Amino acid sequence: METTRLPAKISEKIRTLFSDKYLIILVAIITFHITLNIIWQILNTAPPTWDSSGHIVLSYIFTDRIPEFFGGHVNLISLIKVSTYYPPFLHFLGSIVFFVIGRNYEYALMLGTVFFIIAQVYLYLIVKEVTRNMKTAVLAVLIFSLFPQVWEQSRQYHLDVPLTALLLGAFYHLIKSRGLIDKYHSILFFFLLAFAQLTKWYAFVFLAFPFLYHVFYSPFKAKVLHDRNRWTNMVVGGLIVLLVAAPWYVVNLRTILENVQVSSTADAGDPSEVLSFESFFHYIKLSTTHQIGIISMLLFIVSVMFLFNQNKKMGRYVLWATLIPYFVLTLIQNKDLRYILPLTPLFAFAIAYFFTMRPTKKLPNIGIGIYLFYLFFYYFFFSFNQYQTLPKSLYFISTLFAGPGYRLTWVAEPYSYAYNGKDWKGEEIIHTINNLANEEPNIHGKYRVLEVSDNRFYSIASFDMYLLENRYFEMNLQIPYNRPDPLSDEELTNYLATMDFAIIPKDPGPPGLRNIAVLRQLVAYFLDGQHPEFELARSFDLPDGNVLYLFRRSDYLKYNNPALSQEYLRVYMGNNLILDRELLPRRSFNVRFYKDSGEFVDINYPEGGGNQMRLSLEGVSRVKIDLPAREMNIKELHGWRYYDQHFIRDGKYDELLRGSYDTYVYYSGRLAPKNVFTPFTAFDGSVEVALGDGVVNVTLADSSDSVYVAYAYNGWRWESAVLNKDKGSVSISLLDLIQIEVTSKKQIIRGFDKMWDFFICYDGNAICFYPLTEIL
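About the thresholds
Residues numbered from 1 in each chain as written. Predicted model: local features only at pLDDT ≥ 70, side-chain atom pairs only at ≥ 80, totals over all residues. Heavy atoms only, no water. Helix = DSSP H or I, 4+ residues; strand = E, 2+ residues; numbered from the N terminus. Expected span 1.5 Å × (residues − 1). Buried < 20%, exposed > 50% of the residue type's maximum accessible area, 1.4 Å probe, protein only. Phe/Tyr/Trp six-rings, centres within 6.5 Å; stacked < 30°, edge-to-face > 60°. Lys NZ or Arg CZ within 6 Å of the ring centre and 35° of its normal. Salt bridge = Lys/Arg side-chain N within 4 Å of Asp/Glu carboxyl O. Pairing = 2+ DSSP bridges. Axes fitted to C-alpha atoms, helices over the stretch in contact; angles between N-to-C directions.

Caption draft 1: A look at helix α9 (residues 160-176). For α9, which comprises 17 residues, the first-to-last C-alpha distance of 24 Å matches the rise-based estimate of 24 Å (1.5 Å per residue) to within 8%. Among the 17 residues in α9, 16 count as buried, and that is most of the element.

Caption draft 2: Expanded view of the packing of aromatic side chains. This model, assessed by the stated rule, comprises 70 aromatic pairs. For the pair Tyr594 and Phe600, a centre-to-centre distance of 6.2 Å together with 45° between the ring planes defines the contact as tilted. Relative accessible area serves as the criterion here: at 18%, Tyr594 is assigned to the buried category. Under the relative-accessibility criterion, Phe600 is labelled partly exposed at 45%. The cationic tip of Arg581 hangs over the ring face of Tyr605; the distance from NZ or CZ to the ring centre is 4.2 Å. Positioned above the aromatic ring of Tyr594 is the side chain of Arg622, whose terminal nitrogen or guanidinium carbon lies 3.9 Å from the ring centre.

Caption draft 3: Inspection of the pattern of salt bridges at higher detail. Applying the stated rule across the entire model yields 18 salt bridges. Residue Arg538 pairs with Glu428 through a salt bridge whose shortest N-O separation is 3.1 Å. One end of the pair, Arg538, is in strand β4 (residues 534-541); the other, Glu428, is in helix α22 (residues 426-439), and 110 residues separate them in sequence. Owing to a relative accessible area of 36%, Arg538 belongs among the partly exposed residues under this scheme. By relative accessible area, Glu428 is classed as partly exposed at 32%.

Caption draft 4: Quick peek at the sheet that holds strand β11 (residues 620-625). If you walk across this open sheet you meet the 5 strands as β9-β8-β11-β14-β13, and the pairing is antiparallel. Lying at the two open borders of the sheet, with one neighbouring strand each, are β9 (600-605) and β13 (640-643). With strand direction ignored, the average angle separating the axes of adjacent strands in the sheet is 20°. Bridge analysis of β11 against strand β14 (residues 646-649) gives 3 bridges, and the strand direction is antiparallel.

See below:
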């Protein structure tokens, strides 16, 4: 039997590759982290936390907006404005993942692992290039990959590990470009710099010193600063950054500045005075307790001192590359440990250099072994322990990592980086709200849900994530995010008047939240029984002992009115008020119109009047019908709500109309303005009903179906037409027309003005059209 052999050159390359033991170790490190991250994600059933969920939300928006852009539904500026504060590079990549693999947030989480691997590869290449020592390179990668916050962040959908990977890539190509002399590496440097700037706006802070050093200082010292290639590549690179990154910043500059004013202020636990001893040591404290640990921090300090003794030039380089970003980020009041994550490769490099560049090998090798055992121990303990609080017998674990001064943080929360296998019910809550909204006949189109919780696994970000994952586009979550103080009584009333549902927790969140005062005010309002316009729909017990209460507006009148009399008035409201008293004895009653101007007008429906009265609602904000609720069968309300015999205009419905370009759709049992539906809703086969010049045109789009059209003129003279393959359309004259009925469960309705109303009729099998007329 003849066997197929690889070409000699390829075979030789493979043998060479696998003969490099350090490259094999690098592959083993990468394989280890991929495998363990997948296992961790499988065990972890909790949703992503605050920012991670928020970034996934932006990726879902991109997923929906990009097809709209290519379909001509939105312009380029709208696409750029999807994210108005966070640069959009990661969110755009996440949308590609959702397009290719599927709409599940867990797929996006693995992007963190992908960038984690990219960071490891580039760190290996950088250290190998700088030291020419592969042992130092592979040890630096191993140490970096075992820093607790580094691997923990690789399991989240945050921006910091991707930023670190892009910065390492840019740094590597900057070194290889020999100060921007080499064209290929120069272009790669500028592309990665642009992508880094599209990941976090302060990315340039970490590359400022390396760029100045390699492009200006070092060539100046070598007297080669004026190399023509350098300046050509710099101009080309500058254009690349401008073309790739600048458009997002230019379009969103105003909102970026507005958001920075809020987000840059001190959060809970941050020093309020930036020019203080506490402020300058705050990141060191955070890094010691949650990023690399006290042993690693002490080793880094010793390693930098060792670098100065062994290689003063490299020691100064590492020191300045660390101190400049540290100092700049310290000057910002808001301090989050993730912000200095791009410094961790420098920490790892210095420590690896300390262990591998000593003249003697035996003691350093023992030190490497002990230190790696320390890092691996915390990797497995922090990843997989399920303690809610650390028992006293294990206090030494928190002490060895955070030090005696800060050990209590890991005593109280040893689960911070561990998987969470509990059910936090976020998706169940969103499903429940959607089902309740679908059952509520007075909700047409978009509706608002007040979400007061800002806890770790159930914040507005995680609820928004489930909302978009399930394509519940009509649901709109609200939270008073930028409100630092409680609402006044009038503000509270006006704020809640626009809400249809409310998610209210017993505990709204950590005490240091910027908006904790108003969150607590809203919790008290609902849980202390001050909510006559809302009723409790369900409650959800959560694993941390908190309870989420779901309230629904109770001032809606349901179709299913068990107290409805045998004799009643049918009521329809939209542009006009349509009263049908065919089933009500012929007796007189009054209708009061409350005008926008503050005046009111009383209209009497006389005893001898006809079966129908149609009244214009132009300029009317409230209506009262002088009949008890049991004698009114409210069939449909478009843009109105009913409460205590009063019909109140809903301003949200007007907002919805303005975005629909006078087009309505009847689809899947719902009659609503077109923008209620997604751009991907298939309206194929729909009947089009359009108001023309003196006529109403009814057109059948799919000749394989048939549609029955009936229409009446004054005196209830009825005519009809059947639309099918033989007759695809009919034009109905407006002269003396009083009603049209079109039987189809898919209808596109265009061009009707405020003189018209249309409602679902015949048990959902047709739409009835009513022009404004006198009493009929």
